[in-house]
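# Overview (structure and organization)
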Amino acid sequence: MKRSAVPLVAVLAVAALVGLLIYGVVSRAENKTLDEAVGTGQRPSAPARMLPVLGQTGKTDSLAALKGKVVVLNFWASWCDPCKAEAPELERAQKRLQKDGSGTVLGVTYRDASNDSLKFVKDFGLTYPSIRDVDGKLAQDYGTRALPETFVIDRQGKVVALSRGEVTQKFLDAAVTEALAK
Amino acid sequence: MRSRLALLVGLLAAVTLALAAPAASLAVTPRTSLNDVEDEVMCVSCGIPLNIADSPQADRERAFINDQIALGKSKAQIKQLMVAEYGNRVIAQPNSKGFNITNWLIPLVVVVVLIAGVAIVLPRWRRTEISAELAGDDPADVPELDDEERRRIDEDLARYR
């Protein structure tokens, strides 16, 4: 290699590394698409994936199968303390939605062993179904980075409201009412 | 007497076989240990390797591993089961698909660039040092001796003649 080519190669190598670093940071940046859309009054389509149902070997389910119903999509894990705190609120929402068959709460377990998730379901007496997002792809679609997160979806499969963090009864009541109104 | 001897030999052979069989099977498939697995997987809620994690979730994962060890599963099987339960991110080693290949490439490139840098810079540096040393030998740089110093040097030299 000619001596004059050495600095050029070094500069190119450094530029390539910096480029990779920028790409890595940008591609892993927080996905705020849903937040921005909902925040500006839009109703973005709710991402859906076919995923295994918790506690039912071989059975899969998807949000898409619940079109025509209001869905409270809740990402949770048994190791998440705020998930424990909000579980009774979600069960209350489930009772409300099941009363007239207008919808359901759909749990999505995230990085959680199925036995631990099932114990959580039993401990909190949860009656709503959950699907297992083992690879975290659905969570990625929703920009989920920390648990719990909740998305209220209307009958047309559009996101009406979202809560990144523990949900309150006030949030659930208002969001479910809004979703049912459409 | 002969029959007793035959019985004794038979018993010894049976005992030897009974002792040797488990040892042989252990030698073929060594039992997996928690330590062996936990340094290769992550605590999924804390984002650090399981062997240094201290949280309820880390304890659950350790319990999961211990259960699988008790069932006689190998390290590879346990890691597979953990991926099925917790997803790919439970594996501490980065995968080499897509953008993740940079996890392997970048350290390699950095090492190659450093070696190349040292290989180029070191000879130049040495050349510069040698030139500086040679420059130091220039008679013009030697300080002038005064009369006293000159006299002492002459005396010292005279002693060796």
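Here we summarise the structure given alongside this text. (Residues numbered from 1 in each chain as written. Chains lettered and ligands numbered in written order. Predicted model: local features only at pLDDT ≥ 70, side-chain atom pairs only at ≥ 80, totals over all residues.)

Moving on: the overall build of chain B. Of the regular secondary structure elements, chain B holds six helices and two strands. When the helices and strands of chain B are listed from N to C terminus, the series reads α-α-β-β-α-α-α-α. Each of the 161 residues in chain B was classed as buried or not, and the buried ones make up 14%. Taking the intrachain contacts of chain B between residues at least 6 apart in sequence as the baseline, contacts between residues at least 24 apart amount to 47%. (Helix = DSSP H or I, 4+ residues; strand = E, 2+ residues; numbered from the N terminus. Buried ≥ 20, exposed ≤ 12 C-beta atoms within 10 Å, placed from the backbone. Contact = placed C-beta atoms within 7 Å.)

In this section: the nonpolar core. In this structure, V72, V152, I153 and V176 of chain A are the most contacted members of the largest nonpolar core, which totals 40 residues. Broken down by secondary-structure element, the contributors of at least two residues to this core are β3 (70–76), α3 (81–99), β4 (103–110), β6 (149–153), β7 (159–164) and α6 (169–181) of chain A. With six residues, β3 of chain A is the single largest residue contributor to this core. Filtering out sequence-adjacent residues up to four positions away, I153 of chain A remains in contact with A46, V70, V71, L73, K158, V159, V160 and A179 of chain A. Within the second largest apolar cluster, 15 residues are counted, among which are C43, V44, I65 and V90 of chain B. (Core = buried A, V, L, I, M, F, W, Y, C linked by C-beta atoms within 7 Å.)

A few words now on helix α4 (residues 75–86) of chain B. An ideal rise of 1.5 Å per residue puts 16 Å on twelve residues; α4 of chain B measures up with 16 Å between its terminal C-alpha atoms. For α4 of chain B, the complete set of buried residues consists of I78, K79, M82, E85 and Y86 of chain B. Axial view of α4 of chain B: buried residues confined to an arc of 120 degrees, hence all on one face. Where α4 of chain B is buried, its residues contact α4 (114–123) of chain A together with α2 (34–38) and α3 (56–70) of chain B. (Expected span 1.5 Å × (residues − 1). Arc of directions from axis to C-beta.)

Paired through backbone hydrogen bonds, the strands of a sheet run either parallel or antiparallel to each other. All names here are of chain A. An order of β5-β4-β3-β6-β7 is seen for the five strands of this open sheet, with the pairing classed as mixed. Both outer strands of the open sheet, β5 (130–133) and β7, are each paired with one neighbouring strand and no more. Here the average twist between neighbouring strands, direction ignored, is 20 degrees. In this sheet, β5 lies alongside β4 in parallel orientation, the contact comprising four bridges. For G107, the partnering residue across the bridge sits in β5 and is S130. With respect to the sheet, α6 is in contact with β3, β6 and β7, its orientation differing from that of β7 by roughly 165 degrees. (Pairing = 2+ DSSP bridges. Axes fitted to C-alpha atoms, helices over the stretch in contact; angles between N-to-C directions.)

Residue-level contacts link 15 residues of chain A with 18 residues of chain B. Secondary-structure elements contributing two or more residues to the side of chain A that touches chain B are α1 (5–27) and α4 of chain A. No other element matches α1 of chain A, which puts seven residues into the side of chain A that touches chain B. Its residues placed into classes, the side of chain A that touches chain B shows eight nonpolar, four polar and three charged. (Nonpolar A, V, L, I, M, F, W, Y, C, P; charged D, E, K, R; others polar.)

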